[in-house]
Amino acid sequence: MQGKRILLVVGGGVAAYKTPELVRLIRKAGAAVTPVLTRAGAEFVTPLTLSALAGAPCHTDLFDLTREAEMGHIQLSRAADMVVVAPATADLMAKMAHGHADDLASTLLMATDKRVLIAPAMNVRMWDHAATRRNRATLDGDGILFVGPDEGEMACGEWGEGRMAEPAAIVAAIGAALSARPSLPADAATLRLPPETLVTPPAPQPLKGRHVIVTSGPTHEPIDPVRYIANRSSGAQGAAVAAALRDLGARVSFVTGPATVPPPERVDVIAVETAREMRDAVERALPADAAVMAAAVADWQVVNASDRKMKKDGSGRPPALEMAENPDILAWIASDARRPALVVGFAAETNDVVANATSKRQRKNADWIVANDVSDGTGIMGGAENEITLVTETGAEPWPRLAKAEVARRLAARIADALQDAGVR
Ligand code: C5P
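Remember, it's a predicted structure, so these values are computed and weren't measured experimentally.

Our next topic: the sheet that holds strand β19 (residues 388-392). Ordered in space as β12-β11-β8-β13-β16-β17-β19-β20, the eight strands form an open sheet in which the pairing is mixed. Of all strands in the sheet, those bounded by a partner on one side alone are β12 (268-271) and β20 (395-398). Between one strand and the next, the sheet's axes are offset by a mean angle of 15 degrees, whatever the strand orientation. Where strand β8 (residues 211-216) meets strand β11 (residues 251-256), six bridges bridge the pair, whose relative direction is parallel. The partner of T215 across the bridge, within β11, is V255. Along the sheet, helix α12 (residues 275-285) contacts β8, β11 and β12; its crossing angle with β8, the most-contacted strand, is approximately 175 degrees. Those strands touched by helix α14 (residues 353-363) are β16 (342-349), β17 (368-373), β19 and β20, and its axis lies near 155 degrees from that of β17.

Taken together, M293, A295, V297, P327, D328, I329, L330, G345, F346, K360 and K364 make up the full set of residues adjacent to the ligand. Between an oxygen atom of the ligand and a side-chain N or O atom of K360, the distance comes to 2.4 Å. Here the shell around the ligand is built from residues that sort into seven nonpolar, one polar and three charged.

The subject of this paragraph is the nonpolar core. L245, V292, L411 and I415 are the most contacted members of the largest nonpolar core, which has 36 residues in total. Among the elements of the structure, β8, α11 (236-247), β11, β13 (290-293), β16, β17, β19 and α15 (404-422) are those that each provide at least two residues to this core. The element contributing the most residues to this core is α15, with eight residues. Non-local contacts of L245, meaning those with residues more than four positions away in its chain, are made with L207, V212, V214, A250, V252, V292, A412 and I415.

When you tally the buried positions in β16, you get seven out of eight residues, the bulk of the element. The pairing of β13 with β16 spans four bridges and is parallel. Its bridge partner being in β16, V292 is matched across the sheet by V344. The pairing of β16 with β17 spans six bridges and is parallel. Of the residues in β17, the one forming a bridge with E349 is D373. In this fold, the crossover linking β16 to β17 by way of α14 has right-handed handedness.

In this structure, the second largest pocket encloses a volume near 910 Å³. Looking at the second largest pocket, it is lined by 40 residues, and the ones nearest its centre are A295, A296, V297, F346 and A348. Every element with two or more residues in the lining of the second largest pocket is listed here: α11, α13 (329-335), β16, α14 and β17. The greatest single-element share of the lining of the second largest pocket, amounting to four residues, is contributed by β16. Here the residues of the lining of the second largest pocket sort into 19 nonpolar, 13 polar and eight charged.

Once that is clear, we can look at the domain arrangement of the protein chain. Assigned domains within the protein chain: domain 1 (5-198) and domain 2 (211-421). Computed from C-alpha atoms alone, the centre-to-centre distance between domain 1 and domain 2 is 34 Å. Counting from both sides, the interface comprises 13 residues of domain 1 and, opposite them, 10 residues of domain 2. For the pairing of domain 1 and domain 2, the buried interface totals around 830 Å² over both sides, and the portion due to carbon and sulfur atoms is 50%. Ranking the residues of domain 1 by area buried against domain 2 places R115, D140 and F146 at the top, with a combined share of 45%. Between domain 1 and domain 2 we count one salt bridge in total. With a shortest N-O distance of 3.0 Å, E406 and R115 are connected by a salt bridge. Among the secondary structure elements, those contributing two or more residues to the side of domain 1 that touches domain 2 are α8 (130-141) and β5 (145-146). When grouped by side-chain class, the residues that make up the side of domain 1 that touches domain 2 number six nonpolar, two polar and five charged.

The topology assignment puts S106 in helix α6 (residues 104-111). A polar atom in the side chain of S106 sits 3.1 Å from the backbone nitrogen of D102. Those residues in contact with S106 that sit more than four places away from it in its chain are K95, H100 and A101.

Here we come to the packing of aromatic side chains. On inspection of all chains with the given rule, the structure shows zero aromatic pairs. When the ring centre of W368 is taken as reference, the NZ or CZ atom of R414 above it lies at 5.9 Å.

Moving on: the sheet that holds β5. One open sheet accounts for five strands, arranged β2-β1-β3-β4-β5; its pairing is parallel. Edge strands, defined here as strands with exactly one partner in the open sheet, are β2 (32-37) and β5. Alignment of strand β1 (residues 5-10) against β2, held across six bridges, turns out to be parallel. Within β2, the residue paired with V10 across the bridge is L37. Across the sheet, helix α2 (residues 47-54) lies against β1 and β2, angled at about 170 degrees from β2, the strand it touches most.

About the criteria used
- Residues numbered from 1 in each chain as written.
- Predicted model: local features only at pLDDT ≥ 70, side-chain atom pairs only at ≥ 80, totals over all residues.
- Heavy atoms only, no water.
- Pairing = 2+ DSSP bridges.
- Helix = DSSP H or I, 4+ residues; strand = E, 2+ residues; numbered from the N terminus.
- Axes fitted to C-alpha atoms, helices over the stretch in contact; angles between N-to-C directions.
- Contact = heavy atoms within 4.5 Å.
- Near = heavy atom within 4 Å.
- Polar contact = N/O pair within 3.5 Å; in protein donor to acceptor, adjacent residues only side chain to side chain.
- Nonpolar A, V, L, I, M, F, W, Y, C, P; charged D, E, K, R; others polar.
- Core = buried A, V, L, I, M, F, W, Y, C linked by side-chain atoms within 4.5 Å.
- Buried < 20%, exposed > 50% of the residue type's maximum accessible area, 1.4 Å probe, protein only.
- Right-handed = clockwise from strand over helix to strand, strands pointing away.
- 1 Å grid on protein atoms, 1.4 Å probe; cavity = no way out; pocket = protein on both sides within 12 Å on 5 of 7 lines; lining within 4 Å.
- Points joined across faces, edges and corners; volume = space filled by probe spheres on them.
- Domains from an automatic or database assignment.
- Buried area = accessible area lost by both parts, 1.4 Å probe.
- Salt bridge = Lys/Arg side-chain N within 4 Å of Asp/Glu carboxyl O.
- Phe/Tyr/Trp six-rings, centres within 6.5 Å; stacked < 30°, edge-to-face > 60°.
- Lys NZ or Arg CZ within 6 Å of the ring centre and 35° of its normal.

Right under this line is the structure:
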């Protein structure tokens, strides 16, 4: 973090009391801090405290004309190597998710072209609220990084997930994010040019000319016209992988079951419902250089599905559903004559994650398995973060807990490397 510049947005939550310590630790790690305080944040910590610890002025007002003339909010947001929001309140997250820009903090967050890491802090019920869940998924899809929240006692006396991550953990997350992707060359950010002339260099496109098939989301297996068997997959990880592959230049065929997360833009979306439809769509999308099977395909289908809504017959006995195994799309594509050069499967496990994924890799003839623990309490299924182990021919590689978008970016980069190494065209 030595020499890096962090723009720290402090939102209006009780956890703001930890931000002076956060400023101290960031500076101790060698980075400079420019604090920005929201109006509500100023109720919990003063601008004077933050600027004294940062050794830099604390910005609070969008319409500070002197400073506006001197620097401008766009340049302020871009002169940093990274933007950190701590605490990120439910309100601030909602503003970010919906693109509001009605104060300095939200305007900076809209104007920045740098990585944004947020440390959410709120009451457990607010964190769990459907609206916050939607906003989390949106922000995750936008590539915003998350650290925390932690589980523990809240200022309001309740217990649960929603405590802001400790300052040391936030500093560790900043360090990890800064080393994960280099920021703009220092001269581009320090040049005193009008903001509009600060142009981000084009991202490298190592997957240009490649075609990748990604399956995503759950499948729905009908019981009758109104009922179906499904699972809790949101499709968030699959959508993030498709977006990351697209960003590296790939043409992506995105075969998705009925997911709750919207599909990414600029990919070929093929919407399906059942496992059989998914298999057929994947087959039609061939040939491909790589296939990433992130869908949570239902293992079984109902063979005696009714074409009319089933009714209770008064006997008190439920109808017997006759099930049959669905086609295993991953196993099929990995052994087909048209097999893509790289086939990646996912394994959602609740126990013996690495052992199960390792045997799954061999059994299904996949090159890699992205394995994760989805047991109760991990918050991974439907959540914004993922903690995976990448199982390859050479072994099992545990990755840290990361935002799903970051897992996707790293996975896409590995796929690009692997295809390059394989030299396939
Ligand atoms: O066997 P299991 O369902 O755990 O395997 C998970 C992996 O296999 C995922 O990559 C999933 O997309 C793929 N799969 C599939 N077709 C199935 C079942 C799983 O492609 N019918």
